[in-house]
Amino acid sequence: IIMLMTLDVHARDVVSGLIDSKAETKETFAWMSQLKFHMDEKTNTVRIEICDYVTYFGYEYIGNCGCLVVTPLTDRCYITLTQAMRLVLGGAPAGPAGTGKTETTKDLGRAL
């Protein structure tokens with residue numbers, strides 16, 4: 001239940017931000033920069049998109065683990081790391097100890 005509440009609060013903040021920025025099309029960066037999951041009923045696959053990075057969900061069971069609180073910094077890390085993967089490069093989050101670099105990377109890995 002905690003994970004659902006965490007994601008619901010993030011979704012509320014995203015919708016508020018989209019309304020405030022007057023995002024009217026799906027090409028708006030505020031919308032494109034969100035991690036989105038699309039189910040294709042015909043092929044029974046889940047497509048994951050963020051900015052111009054696209055991948056397909058692998059249906060790997062990770063277990064019932066917690067979820068990080070998603071902040072604007074988390075969103076920026078997701079964008080940076082997925083763009084690095086799109087360019088077939090690596091990503092190395094940097095910063096002070098204890099700021100969530102490893103957990104953010106692990107959370108993105110669980111989402112993909």
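For the structure, see preceding data.
So, how was this worked out
Along each chain, the written sequence defines residue order, and numbers are assigned to residues from 1. In keeping with the predicted nature of the model, local features appear solely for residues at pLDDT of at least 70, side-chain atom pairs appear and are counted solely at 80 or more, and the whole-chain, interface and lining totals rest on all residues. Computation of side-chain values: all heavy atoms of the structure, hydrogens and water removed. Secondary structure counts use DSSP, requiring at least four H or I residues in a row for a helix and at least two E residues in a row for a strand, with both numbered from the N terminus. Burial classes: relative accessible area under 20% of the type maximum marks a residue as buried, over 50% as exposed, and values in between as partly exposed (1.4 Å probe, protein chains only). Every definition here rests on a 1 Å grid over the protein atoms only: cavities are sets of points where a 1.4 Å probe fits but cannot get out, pockets are open sets enclosed by protein on both sides within 12 Å along at least five of seven lines, and lining residues have some atom within 4 Å of a point. Grid points are joined across faces, edges and corners, and a volume is the space filled by probe spheres set on the points. Residue polarity follows a fixed list, in which Ala, Val, Leu, Ile, Met, Phe, Trp, Tyr, Cys and Pro are nonpolar, Asp, Glu, Lys and Arg are charged, and the others, Gly among them, are polar.

Novice: Go over unusual backbone geometry, please, and point to the residues and values.
Specialist: Of note, Lys22 is a non-glycine position whose phi angle comes to about 55 degrees, a positive value. In this structure, Lys22 sits in the loop between helix H1 (2–20) and helix H2 (29–32). For Lys22, a relative accessible area of 63% puts it in the exposed group.

Novice: Requested: an account of the layout of surface pockets, with residues and values cited.
Specialist: Its volume calculated, the largest pocket comes out at about 760 Å³. For the largest pocket, the lining is made up of 31 residues, of which Leu7, Leu35, Phe37, Asp107 and Ala111 are closest to its centre. Secondary-structure elements contributing two or more residues to the lining of the largest pocket are H1, strand S1 (36–40), helix H3 (72–86) and helix H4 (101–111). At six residues, H1 tops the list of elements feeding residues into the lining of the largest pocket. Split by residue class, the lining of the largest pocket holds 18 nonpolar, eight polar and five charged. In this structure, the second largest pocket encloses a volume near 290 Å³. Leu73, Cys77, Pro93, Ala94 and Lys101 are, among the 18 residues lining the second largest pocket, the residues nearest its centre. Listed by contribution, the elements that provide at least two residues to the lining of the second largest pocket are H3 and H4. The element best represented in the lining of the second largest pocket is H3, accounting for five residues.

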